[in-house]
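Residues per chain are reported as follows:
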Amino acid sequence: MKFNLKVWRQKNANTPGKLVDYSIDNVNADMSFLEMIDILNDNLVRKGEEPIAFDHDCREGICGMCSMYINGRAHGPHHAATTCQLYMRTFNDGDTIYVEPWRSKAFPIIKDLVTDRNAFDRIIASGGFVSVNTGQAQDANNLPVNKDDAEKAMDAAACIGCGACVAACPNSSAMLFVSAKISQLALLPQGQPERDRRAMSMVSQMDEEGFGNCTNIGACEAECPKEIKLTNIARMNRDYFAASFGSQETVSTGEGH
Amino acid sequence: MNWFTKILTSSLGKKFVMALTGLFLISFLVIHCTINAMIFFNDGGATFTHWGHFMGTNTIIRTLEIGLIIGFLLHIYEGLLLWKQNRDARPVKYSYVKHPEKSKWYSRSMGLLGTLILLFLIMHTAHFWIPNRTHQFVEGEELPLYQMMLDIFQNPLIVVLYLLGCFSLFWHLLHGFRSSFQSLGLNHVKYNKTITFVGTAFSIVVPFIFAMMPISIYFKWIQ
Amino acid sequence: MAALDSKIPTGPLAEKWSNYKEHAKLVNPANKRKVEVIVVGTGLAGASAAATLAELGYKVKAFCFQDSPRRAHSIAAQGGINAAKNYKNDGDSVYRLFYDTIKGGDFRAREANVYRLADVSRNIIDQCVAQGVPFAREYGGLLDNRSFGGAQVSRTFYARGQTGQQLLLGAYGALERQVGLGNVKMYNRHEMVEVVTIDGKARGIIARNLITGKLERYFGHAVILATGGYGNVFFLSTNAMGSNVTAAWKAHKKGAYFANPCYTQIHPTCIPVTGDYQSKLTLMSESLRNDGRVWVPKTREDAKAIREGKKKPEDIREEDRDYYLERKYPSYGNLCPRDIASRAAKEACDDGRGIVPSGFGVFLDFADAIKRLGVDVVKARYGELFPMYQNITNEDPLKTPMKIYPAVHYTMGGLWVDYELMTSIKGLYCLGEANFSDHGANRLGASALMQGLADGYFVIPYTIGNYLSGEIFTKPIALDHPAFVEAEKEVQARAEKLISIKGKKTVDDLHKQLGKIMWEYCGMARTAEGLTKARKMIQDLRKEFWSNVNIPGSLNEFNPEFDKAGRVADFIELGELMVVDALNRNESCGGHFREEYQEEGEAKRDDEKYAYVAAWEHTSVDSDPVLHKEALVYENIEMQTRSYK
Ligand SMILES: Cc1cc2nc3c(=O)[nH]c(=O)nc-3n(C[C@H](O)[C@H](O)[C@H](O)COP(=O)(O)OP(=O)(O)OC[C@H]3O[C@@H](n4cnc5c(N)ncnc54)[C@H](O)[C@@H]3O)c2cc1C
Ligand code: SF4
Ligand code: FES
């Protein structure tokens, strides 16, 4: 197969970038998208040009590192798959393919297709955990969990923190990601003691990072490689309002830093 | 910042305000639509004028009207703010965007639809509400709203503009109705279908009734 | 040859760890605040260690080369984590888990370590559940288990096909909590490129900031390496692209011994290689062997017909299929340990009965399970795995058997550590897959997650205190100390040399070359002759690398090709050591199979001569490493010929 690529090249955070045309031949339909880029990079290096920088690690759809906006879609056209799980058989021979980085104020570009997604870490650091020090736990089976809740918690916990939800959202909102963590812990008994606090501080941190606001468009859900559901956002909203209006606790912005 | 303003200015707080004011405006639409639909009795405006007079003079309703205005302003203000913040959240745009099927154009265009409705509202209030209230304030009595309707909707251009307004309202509601429930966290497998159904029905019925008013008058189905 | 002191506490096996804990020296809370610990790596081992040490009050600096600690390779573990909870009431116990692990490791692991591992395994599950890890549950709300290879009890806890992810996210949450509280300073996109030692003690590291390319110096009273496995020395493996040996290797070159590098785990159930362009191999979880049956046709003719597409697997009648694992190992069947299952697959394929075009592949068939349990149950049990397989291969495993073949997966070897997990450099610790400690010559499924978390949550917090209690008077050492300056200078010189070569071959070219040598001569089956040849080839490759590699770009920028080159340079040196170790070990055991040493096709150990840990000391790149032996003494169990028949 043969493709024409338009790839975003940007030297570093301070230099403006642009789309650059490349063409690539002899692509095997069973190659993954990243393997195709590997070959393109190999060609570039041999020609003495700089290869395209992109994030990737596990190449099996679980680490959440790969992050390309391909032909106008976060992680490309394949439903419920990361960029590394996108196979060239999804495209037609001769296609022109646009490859851009995630675009969001909160995810500044480092180089080419590589962005800085540490905003997500900071959001987790603000409350995306159960505060239990090592050694304090009781026997695991002392805490039965309704199977349905456990399954739903697992559905939410499947989030890989890739940021496709932000990339796909026309508002560049991070609510799907944040709500997935809030939901996971809200659904489990372990998460209850800090439930109010967590909702308030994580939302507050999310706002501070400069993500956009959710207007219930649903692009995040449609593009999420792990099929995280919008119901999580509703759950987060409920928890946040209940906590903000009902709970005696308050958290100050950026607490936990 | 005190806790209350802090909530309301947070991203979720804004959703909350949008949703509550939205639902409030929806409830207003119900009343507005019901009363205006009295013209379809085709009794020369008698029923309509009766209820119109009640709405225009009853103290409780007049007080609520202030709430309504605040609701409108808040909804508009927050809407514009959201639009701006959301635009700023992505300083460099994508060169090529292909929206997934599940994300609907009208959901993505609430700002645009809202603006269209706002423009319509300016025209609409300039036609009826502003002159009427001004007159009430200055002269102490109401204008003959029914007659004004009959007059204004003789102009085909205005009729078309009103229809466009209703059309924008339809799309705006189609997203807004269900969206406000989601924003308030009211998403539940058992009730989602109902919410969606009622929302869709509402978005069709109300703008349709509204749209029928200028049409019926223009075509003289109502005298 | 100095004897290695593994510092195993005295006393009965079951009491060693509690004895140790009761007598280890402590650091009081006020002093902990003055003590800084560097943790390199944020996988299960690193994240759990960093979080726990910070909870205790130490000041921690944590490093990972990914953009977030949550992306460490532990995230990719699918199948599950073992723990001797005996929730199934099927006769499990700490002793049984201990015994299974020792036996699974072909009697090449340290008794005391393994017993401790089995013992704390139970606390791990408690801790993880308390953190909100959504393990699979039964309708009663209690935890579910499944069986894994090498065990006859059900003791594997799992979270769909994403166990590693969920455990890591739990540890990551704990870590981020400490980051939020200011007790851990997290350095993402930083690669450790040197250990700094002062007066024989590890005192810090040099790390490359991968965004700016700059070298940075960091001080710590102690340094912990939890940098994962080095399976990527084979180029193709199930490891993530970035998994590397660099941190461990630098430590090795600074004086830390490298133990048992020849023990490599080749995992039996991976998707077979299909083309040259392939960048990695994908594991299909071992848990699939719970319900999947492995087979090849009985005859070469049938196999050939399948390879050429003339026959479909469904066309082969039941009696013409060879369910070779069930046939050869009736008591464990499809659930025999990995090394055995892998070798059996190789044997079948070498016999001309492979079923993919390259000849290297066997079937993993779910037809029976589907008949027995129904499609829905099978689908639910393996969550993401089936769609993942289908996405990669374009074939539906619910309709036609999966095709699988062994691939490099895990490295049992690693930095030598004593009972306290300290390497042979004082104050330098090594946890998780990066050390050699608990799995002997072969790791059982679902035991790596257990070991990583045991090391990080429950072992190092005690053992490091024993060392740090002596360090509370050491003031933080200034970063312009000559040792730091010198170390940085060396790293810089090496980097400049690398980038200025501007030769003809890409880093991947050379890495692939290395991978081929390793797979061919130091893979599933090894011979003295092949290994000798391989050593020479690797030496030549090293020369070629240092004269002909082409790294684009410059040093002071984000330059992934350069990062890769640095790692490959270390892989090449490691590759040679692996070969040396494999050549030294004149026996077959676990993941190390020397063709010369077998009996009826089964590995033949030589306990008399080789019941030891081979710990290698680095001398120089061009001279032979020095072997140190740690004798393996079994006081509580009897070494037996491992049999799964
Ligand atoms: C596909 C797959 C499936 C598996 N499934 C299972 C399973 O079901 N059950 C089981 O028990 N085990 C399983 N394993 C094995 C297990 O996942 C690993 O052995 C274990 O997770 C290793 O954890 P770790 O913390 O030692 O290292 P890792 O998780 O690999 O973490 C290494 C860390 O070190 C960092 N690092 C490395 N080098 C440097 C450097 N030079 N500078 C700075 N940072 C560095 C990385 O950034 C990373 O944070 C599986 C392995 C694979 C590959
Ligand atoms: S919610 Fe989905 S799209 Fe967003 S970060 Fe998580 S996995 Fe990625
Ligand atoms: S590279 Fe890990 S998810 Fe794609």
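Since the model is a prediction, treat every value here as computed from it, not as a measurement.

Thresholds, definitions, all that
Residues numbered from 1 in each chain as written. Chains lettered and ligands numbered in written order. Predicted model: local features only at pLDDT ≥ 70, side-chain atom pairs only at ≥ 80, totals over all residues. Heavy atoms only, no water. Near = heavy atom within 4 Å. Polar contact = N/O pair within 3.5 Å; in protein donor to acceptor, adjacent residues only side chain to side chain. Phe/Tyr/Trp six-rings, centres within 6.5 Å; stacked < 30°, edge-to-face > 60°. Helix = DSSP H or I, 4+ residues; strand = E, 2+ residues; numbered from the N terminus. Buried < 20%, exposed > 50% of the residue type's maximum accessible area, 1.4 Å probe, protein only. Lys NZ or Arg CZ within 6 Å of the ring centre and 35° of its normal. Nonpolar A, V, L, I, M, F, W, Y, C, P; charged D, E, K, R; others polar. UniProt positions renumbered as here; feature names shortened; annotations may be inferred. pLDDT = per-residue confidence, 0-100. Contact = heavy atoms within 4.5 Å. Salt bridge = Lys/Arg side-chain N within 4 Å of Asp/Glu carboxyl O. Axes fitted to C-alpha atoms, helices over the stretch in contact; angles between N-to-C directions. Parallel < 35°, antiparallel > 145°, perpendicular 65-115°, else oblique. Left-handed = near helix turned anticlockwise from the far one by under 90°. Pairing = 2+ DSSP bridges. Expected span 1.5 Å × (residues − 1). Arc of directions from axis to C-beta. Buried area = accessible area lost by both parts, 1.4 Å probe. Patch = residues over 30% accessible without salt bridge, like charges linked within 9 Å, V, L, I, M, F, W, Y side chains within 5 Å. Areas by Shrake-Rupley, 256 points an atom, 1.4 Å probe, with all protein chains shown as cover.

So, on to the site of ligand 1. Surveying the vicinity of ligand 1 reveals 39 residues, the closest of which are Gln-66, His-73, Ser-74, Met-192 and Glu-433 of chain C. Among the chains of the assembly, those with residues near ligand 1 are chains A and C. Here an oxygen atom of ligand 1 and a backbone polar atom of Leu-44 of chain C are 3.1 Å apart. The separation between a nitrogen atom of ligand 1 and a polar main-chain atom of Gln-78 of chain C is 3.4 Å.

Here we take up the packing of aromatic side chains. Applying the stated criterion across every chain yields a total of 54 aromatic pairs over all chains. Both rings, one in Phe-107 of chain C and one in Tyr-634 of chain C, keep their centres 6.3 Å apart while their planes meet at 75°; by these two values the pair is edge-to-face. On the criterion of sequence distance, the pair formed by Phe-107 of chain C in the loop between helix 4 (94-104) and helix 5 (111-131) and Tyr-634 of chain C in the segment after strand 21 (626-631) is long-range, its members being 527 residues apart. The exposure class of Phe-107 of chain C is buried, given its relative accessible area of 0%. Relative to Trp-519 of chain C, the ring of Phe-234 of chain C has its centre 6.5 Å away and its plane inclined at 85°; by these criteria the two rings are edge-to-face. Taken together, the positions of Phe-234 of chain C in the loop between strand 9 (222-225) and helix 7 (246-253) and Trp-519 of chain C in helix 16 (residues 507-522) put the pair 285 residues apart, joining distant regions of the chain. On the basis of relative accessibility, which here comes to 3%, the residue Phe-234 of chain C falls in the buried class. Here Trp-519 of chain C falls in the partly exposed class, since its relative accessible area comes to 33%. Put simply, the rings of Tyr-240, Phe-241 and Phe-245 of chain A together with Trp-3, Phe-4 and Phe-16 of chain B pair up and form one aromatic cluster. A cation sits over an aromatic face here: Arg-103 of chain A above Trp-8 of chain A, 4.0 Å from the ring centre. When the ring centre of Trp-83 of chain B is taken as reference, the NZ or CZ atom of Arg-87 of chain B above it lies at 4.9 Å.

What follows covers unusual backbone geometry. The backbone of Arg-59 of chain A shows a phi angle near 55°, a positive value even though the residue is not glycine. Mapping Arg-59 of chain A onto the fold places it in the loop between helix 1 (33-46) and strand 3 (69-70). On the basis of relative accessible area, Arg-59 of chain A is assigned to the buried category, the value being 7%. The phi angle at Lys-502 of chain C is positive, at roughly 45°, despite the residue not being glycine.

Residue and element names in this part refer to chain A. Cys-159, Cys-162, Gly-163, Cys-165 and Cys-224 are the nearest of the 13 residues found near ligand 2. Looking at the shell around ligand 2, the elements that each hand over two or more residues are helix 4 (164-168) and helix 5 (175-186). Of the residues contributing to the shell around ligand 2, the split by class is 11 nonpolar, two polar and no charged.

Residues annotated in UniProt with the feature "domain: FAD-dependent oxidoreductase 2 FAD-binding" (unreviewed entry) correspond here to residues 37-449 of chain C. What you have in residues 37-449 of chain C is 31% helix and 19% strand, and the ends, taken at the C-alpha atoms, are 23 Å apart.

Here we take up the confidence of the model for chain C. Summary statistics for chain C give a mean pLDDT of 95 and a share of 100% for residues scoring 70 or more. With a pTM of 0.96, the predicted complex shows an ipTM of 0.96.

To continue, consider the interface of chain C and chain A. With 74 residues of chain C at the interface, the matching set in chain A holds 75 residues. Taken together, chain C and chain A are joined by nine salt bridges. Residues Glu-151 of chain A and Arg-160 of chain C are paired through a salt bridge, measuring 2.8 Å at the closest nitrogen-oxygen approach. The tally of links from chain C across to chain A stands at 46 residue pairs in polar contact (both at pLDDT 80 or more). Every element with two or more residues in the side of chain C that touches chain A is listed here: helix 3 (44-56), helix 5, helix 6 (163-181), helix 13 (385-393), helix 14 (448-468) and helix 18 (560-584) of chain C.

Residue and element names in this part refer to chain B. At a minimum axis distance of 15 Å, the contact between helix 4 (residues 59-88) and helix 7 (residues 129-139) shows a crossing angle of 140°. Taken together, helix 4 and helix 7 sit at an angle that is classed as oblique. For the pair helix 4 and helix 7, the sense of crossing is left-handed. From helix 4, Arg-62, Glu-65 and Ile-69 reach across to helix 7, where they touch Trp-129, Arg-133 and Gln-136. Broken down by class, the residue content of the contact of helix 4 with helix 7 amounts to two nonpolar, one polar and three charged.

With respect to the helices and strands, the residue Arg-70 of chain C is situated in the loop between strand 2 (59-63) and strand 3 (81-82). For the pair Arg-70 of chain C and Leu-175 of chain C, spaced 105 residues apart in sequence, the C-alpha to C-alpha distance is 9.6 Å. Apart from residues no more than four positions distant in its own chain, Arg-70 of chain C is found in contact with Cys-159, Ile-160, Gly-161 and Phe-177 of chain A together with Ile-75, Leu-168, Leu-169 and Tyr-172 of chain C. Engagement of the side chain of Arg-70 of chain C in a polar contact is seen with the backbone oxygen of Cys-159 of chain A, the distance being 3.1 Å.

Residues and elements named next belong to chain C. Taken in spatial order, the five strands of this open sheet run 5-2-1-9-17, and their pairing is parallel. Either end of the sheet is taken by a strand with one partner, and the two such strands are strand 5 (184-187) and strand 17 (428-430). Across the sheet, the mean angle from the axis of one strand to that of its neighbour is 20°, orientation sign disregarded. Judged from the four bridges that link them, strand 1 (residues 36-40) and strand 9 form a sheet pairing that is parallel. Counterpart to Val-40 in the pairing with strand 9 is Leu-225.

What follows covers the UniProt feature "transmembrane region" (unreviewed entry) in chain B. Residue and element names in this part refer to chain B. When the UniProt feature table is mapped onto this chain, "transmembrane region" (unreviewed entry) is found at residues 16-40, 60-83, 110-130, 152-174 and 195-219. In this annotation, residues 60-83 is assigned 100% helix and 0% strand; the end-to-end C-alpha distance for the span is 34 Å. What you have in residues 110-130 is 95% helix and 0% strand, and the ends, taken at the C-alpha atoms, are 26 Å apart.

Okay, helix 15 (residues 482-501) of chain C next. Residue and element names in this part refer to chain C. Its 20 residues place the ends of helix 15 29 Å apart at the C-alpha level, agreeing with the 28 Å of an ideal helix rising 1.5 Å per residue. Those residues of helix 15 that fall on the buried side of the exposure criterion are Ala-483, Phe-484, Ala-487, Glu-488, Val-491, Ala-495, Leu-498, Ile-499 and Ile-501. Burial along helix 15 is one-sided: seen end-on, the buried residues are contained in an arc of 160°. In this structure, helix 15 carries Pro-482, Lys-489, Lys-497 and Ser-500 as exposed residues pointing more than 90 degrees from its buried face. Where helix 15 is buried, its residues meet strand 6 (190-198), strand 7 (201-209), strand 8 (215-219), helix 17 (528-548) and helix 18. One or two positions beyond helix 15, positive phi appears at Lys-502, with a value near 45°.

Our next topic: the interface of chain A and chain B. One widely used convention gives an interface's size as the accessible area the parts lose upon coming together. On the chain B side, the residues contacting the 49 residues of chain A number 37 residues. In total, chain A and chain B occlude about 3600 Å² of area from one another, counting both sides; carbon and sulfur atoms represent 57% of this. The largest contributions to the chain A side of the interface with chain B come from Asn-213, Asn-216 and Phe-245 of chain A, which together make up 17% of the buried area. The tally of links from chain A across to chain B stands at one salt bridge. A salt bridge links Glu-221 of chain A to Lys-102 of chain B; the shortest N-O distance between them is 3.6 Å. On the surface where chain A and chain B come into contact, there are 25 residue pairs in polar contact (both at pLDDT 80 or more). Those elements that provide at least two residues to the side of chain A that touches chain B are strand 5 (96-100), helix 4, helix 6 (195-208), helix 7 (219-223) and helix 8 (231-246) of chain A. With 10 residues, helix 8 of chain A is the single largest residue contributor to the side of chain A that touches chain B.

Turning our attention to a nonpolar patch on the surface. Residue and element names in this part refer to chain B. On the surface, Ile-69, Leu-73, Trp-129 and Ile-130 cluster together into a nonpolar patch covering about 360 Å² of accessible area. Where the nonpolar patch is concerned, the elements lending two or more residues are helix 4 and helix 7. Along the chain, Trp-129 turns up in helix 7. The exposure class assigned to Trp-129 is partly exposed, which follows from its relative accessible area of 34%.

The subject of this paragraph is the arrangement of the chains. Highest in contacts among the two pairs of chains that touch are chains A and C. One thing to see here is that chain B and chain C don't touch, and their nearest C-alpha atoms sit 20 Å from each other.

This part is about the pattern of salt bridges. Residues and elements named next belong to chain C. On inspection of all chains with the given rule, the structure shows 85 salt bridges over all chains. The partner of Lys-253 in a salt bridge is Glu-573, with the nearest N and O atoms 2.8 Å apart. One end of the pair, Lys-253, is in helix 7; the other, Glu-573, is in helix 18, and 320 residues separate them in sequence. Given the relative accessible area of 29%, Lys-253 is considered partly exposed. Notably, a salt bridge pairs Arg-321 with Glu-318, separated by 3.9 Å at the nearest N-O pair. Using a relative accessible area of 12% as the deciding quantity, one classes Arg-321 as buried. Its relative accessible area of 42% is what places Glu-318 among the partly exposed residues. Salt bridges linked by common partners bring Asp-106, Arg-108, Arg-585, Glu-587, Arg-605 and Asp-607 together as one network.

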